[in-house]
Every structure is written in structure tokens, then in C-alpha cells.
Amino acid sequence: MKELSHIKRVFILCILTSVCIVSINTSIFAVSEAAVMFLRISPSPLANGMGETYGNIASNDPMASIFNPAYLGFFSKKQNFGFSYSKANWLPGLTSDLFYKCFSFNFGYSFKNTPITIGMGYHHIYLDLGKQIGMDEMGNPTVGFESSENANIFAFSALFDYYILASIGFSYKFIESNLAQFGAVSEKGSGDASANALDLGLSIKVPLFDILSKINNSPI
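My aim in this report is to walk through the structure given alongside it, one point at a time. Just so you know, these numbers come straight off a predicted model, no measurement behind them.

### Concerning the overall build of the protein
Stage number 1. The helix and strand tally for the protein stands at 4 helices and 6 strands.
Stage number 2. Each helix and strand of the protein, ordered N terminal to C terminal, gives the series α-α-α-β-β-β-β-β-β-α.
Stage number 3. Looking at the protein as a whole, 36% of its 220 residues qualify as buried.
Stage number 4. Across the protein, the fraction of contacts at a sequence separation of at least 24, relative to all contacts at a separation of at least 6, is 53%.

Structural data, given as C-alpha cells:
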């Protein structure tokens, strides 16, 4: 029994060492920000009130998995269902017909007698850019049109709870940008575009005192 206990301690220490090495040497990449800049807007009122610190509320905020789908695993570990909705006037000092809204649904399930939890989520982001006025090459107004951008995001995550908590997630985004129904002046086509994007996420939590308590069979 002592030999098995010693092997168990060595195994746990190897896991903790590996986690530390990965944390030090792994770079963190944000979502694609080249074109659809509206995806950079933080939709969560809770996170905005905390300076967009999503890492501190990963297990509670239904909207956190928009930026890291792995957070959905931690949310599902504690809750089976979550809903969040936000809407705000965008740049109210500039104009009154711009607004931004987002709503999120999350579902989670923990399998009995296993260390596995899965989560699924849906997010919809919509930015209304208001009414625009077209101009010809001489600067004269032509026709008016409405502009908007939106994204539908489907997320999935799986969390493994064995001493450490490791969550892996991915999300698929359907993005649409509807800026104009026609090209500028003599340009052909329109100002509409669409794209798909895939985000992958990994989040690891190491509850050090809980691990040491389990190894020593006594609470710390």
C-alpha cells in the first residue's frame, strides 16, 4: 500500500509540473480581429463591470464562452442551464440609432460516477449600425440604407475532473456583415460579406490545496 501511495504522489507531482510548464511556454491568441471588429466588443455586463476580466468569472457567466469556449465546461460543472441577455445604445454621444445586443443559452450535464462534464451553448450577437445615406462622386446624397453585423455562435466543451480540472472547448461562428446593398459609385457588387470561424480553447485549474488534501487523506 505504501508503494502505491508513493507512485500516486509521483504521478500527481508530474501532472502539476506539466501544467506549470505548459502555462509558462504557451502563448494566448485572441479571436480573429482583422475584419469583423464588432466581435471585439465585450457583450457581458458582468465582465464589463469588472474591466473585462473573464478569467475570474469563467464558471458563472453564460457569455464567457464567447471568447473562450473552454469556459463552458466550468459553467456546466456548477449549473445545468444558463441564460443571459444584454442590450445597449452604441455610441450614444454620436447618434441615437445604433445599438448592440447579445443573448446566450448554455446547457450542461455531469455524468454520474465519471469525471466528465459536457456543455453546449448558443450565442447571438447583433450590432445595428443604423441608417446610412449614400453619396455620389460629387458628394450629393442618393438613397438611404440600413447597415448591420451579426454572428451566431455554437459552442461545445468537455471538462475532466481528476485532481486538476481541464476543460477543452470549441465554437463555430457564422458571421455576416451587411454594410451596403450596392458598391460605392462605379464599384460592382455590394457591401455584404459572410464568413465562418472556428475557435479552440483550453482552460486548466489546479486546486492545489484540494489535491494535497486528497494525497494526505486529510483536509488542509
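### Quick look at a nonpolar patch on the surface
Stage number 1. A grouping of F81, F83, Y85, F107, M120, F154, F156, F170, Y172, F174, L198 and L200 is seen on the molecular surface, where their side chains present a nonpolar patch of about 1,200 Å² in accessible area.
Stage number 2. Of all the elements in the fold, those that place two or more residues in the nonpolar patch are β1 (81-89), β4 (141-162), β5 (164-178) and β6 (192-205).
Stage number 3. One can find M120 in strand β3 (residues 116-135).
Stage number 4. When its relative accessible area of 45% is taken as the criterion, M120 is described as partly exposed.

### Structural notes on the nonpolar core
Stage number 1. F38, L39, I66, Y100, C102, I125 and I175 are the most contacted members of the largest nonpolar core, which totals 13 residues.
Stage number 2. For this core, the secondary structure elements donating two or more residues are β2 (99-110), β3 and β4.
Stage number 3. Excluding anything up to four places from it in sequence, I175 contacts V36, F38, L39, N150, A151, A193, S194, A195 and A197.

### Structural notes on the environment of Y172
Stage number 1. You can see Y172 is positioned in strand β5.
Stage number 2. It is 9.1 Å that separates the C-alpha atoms of Y172 and L200, two residues lying 28 residues apart in sequence.
Stage number 3. Excluding its chain neighbours within four sequence positions, the residues that come into contact with Y172 are N152, I153, F154, N196, A197 and L198.
Stage number 4. A polar side-chain atom of Y172 sits 3.4 Å from a polar atom in the side chain of N196.

Quick notes on the rules
- The numbers attached to residues start from 1 for each chain and follow its sequence in the written order.
- Per-residue local features are limited, in this predicted model, to residues with pLDDT of at least 70; the limit for side-chain atom pairs, both in listing and counting, is 80 or more; totals at the level of whole chains, interfaces and linings are taken over all residues.
- The side-chain numbers reported here are obtained from all heavy atoms of the structure, hydrogens and water having been left aside.
- Only DSSP runs of H or I covering at least 4 residues are called helices, and only runs of E covering at least 2 are called strands; the numbering of each starts at the N terminus.
- Residue exposure (1.4 Å probe, protein chains only): buried if accessible area is under 20% of the type maximum, exposed if over 50%, otherwise partly exposed.
- The contact definition used throughout considers only heavy atoms, calling two residues in contact when any of these lie within 4.5 Å.
- Here the term patch refers to residues with relative accessible area over 30% and no salt bridge, with like charges joined within 9 Å and nonpolar side chains (Val, Leu, Ile, Met, Phe, Trp, Tyr) within 5 Å.
- In this description, accessible areas are obtained by the Shrake-Rupley approach with a 1.4 Å probe, and a residue is regarded as covered only by the protein chains that are shown.
- Any Lys or Arg side-chain nitrogen found within 4 Å of a carboxyl oxygen on Asp or Glu counts as a salt bridge.
- Residue types Ala, Val, Leu, Ile, Met, Phe, Trp, Tyr and Cys, when buried and joined through side-chain atoms within 4.5 Å, form a set referred to as a nonpolar core.
- Under the rule applied, a polar contact is a pair of N or O atoms within 3.5 Å (in protein, one hydrogen donor and one hydrogen acceptor; residues adjacent in sequence only if both atoms are side-chain atoms).

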